[in-house]
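Structural description and commentary
Each chain is listed here by its residues.
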Amino acid sequence: MRHHRKTVKLQRPAAHRDALIRNLACSLIEHRRIKTTVAKAKALRPFAEKLVTMAKRDDLHNRRRAISLLGSNQIAQRSVTKLFGEIAPASATRQGGYTRITKLGPRHTDSAPMAFIEWVDFSVAPVAAEAEAETAE
């Protein structure tokens, strides 16, 4: 029986799975919304939400914990800075549920179910709205 076994394996070894989740989290922090499979989005959600909960209390210890979870490369360092500087303050009043998963339908090549995962407090502005704002100025 699988009682208390919450880890989604994603058909990968542990090290590969950890690297995948780290990269997805860095991409989510960097781009604010990513398109991935539903299974990967559901596996990413608890990891990303724990990062935001950690970042809401901005101190050296939590920054070092976030770096240890995301990695010590330049992309991860930039992601930690953005997480503590932009994403966590925007979610300061929210008690949880920082991410949203929107299902899109099957991918054309292999019919894998696809989804967007994004931050709830950050809305990605459509390109048309940005173009209208630039022409209005």
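Here's what I pulled together on the structure shown here. Source: prediction; values computed, not measured.

**Observations concerning helix α1 (residues 14-31)**
- The end-to-end C-alpha distance of α1, which contains 18 residues, comes to 26 Å, matching closely the 26 Å that a straight helix rising 1.5 Å per residue would cover.
- Every buried residue belonging to α1 is among R17, L20, I21, L24, A25, C26, L28 and I29, and all of these are buried.
- Buried-residue contacts for α1 involve β1 (33-37), α2 (38-55), α3 (60-70), α4 (74-90), β2 (99-106) and β3 (113-119).
- Positive backbone phi, at 70°, marks R32, one or two positions downstream of α1.

**Here's the deal with the sheet that holds β3**
- Taken in spatial order, the 3 strands of this open sheet run β1-β3-β2, and their pairing is antiparallel. The open sheet has two edge strands, β1 and β2, and neither has a second partner. Neighbouring strand axes in the sheet, compared pairwise and without regard to direction, differ in orientation by 25° on average.
- Here β1 pairs with β3 via 5 bridges, running antiparallel. Within β3, the residue paired with R33 across the bridge is E118.
- Running at roughly 145° to β1, α1 makes contact with β1, β2 and β3 of the sheet.

What counts and how
- Residues numbered from 1 in each chain as written.
- Predicted model: local features only at pLDDT ≥ 70, side-chain atom pairs only at ≥ 80, totals over all residues.
- Heavy atoms only, no water.
- Helix = DSSP H or I, 4+ residues; strand = E, 2+ residues; numbered from the N terminus.
- Expected span 1.5 Å × (residues − 1).
- Buried < 20%, exposed > 50% of the residue type's maximum accessible area, 1.4 Å probe, protein only.
- Contact = heavy atoms within 4.5 Å.
- Pairing = 2+ DSSP bridges.
- Axes fitted to C-alpha atoms, helices over the stretch in contact; angles between N-to-C directions.

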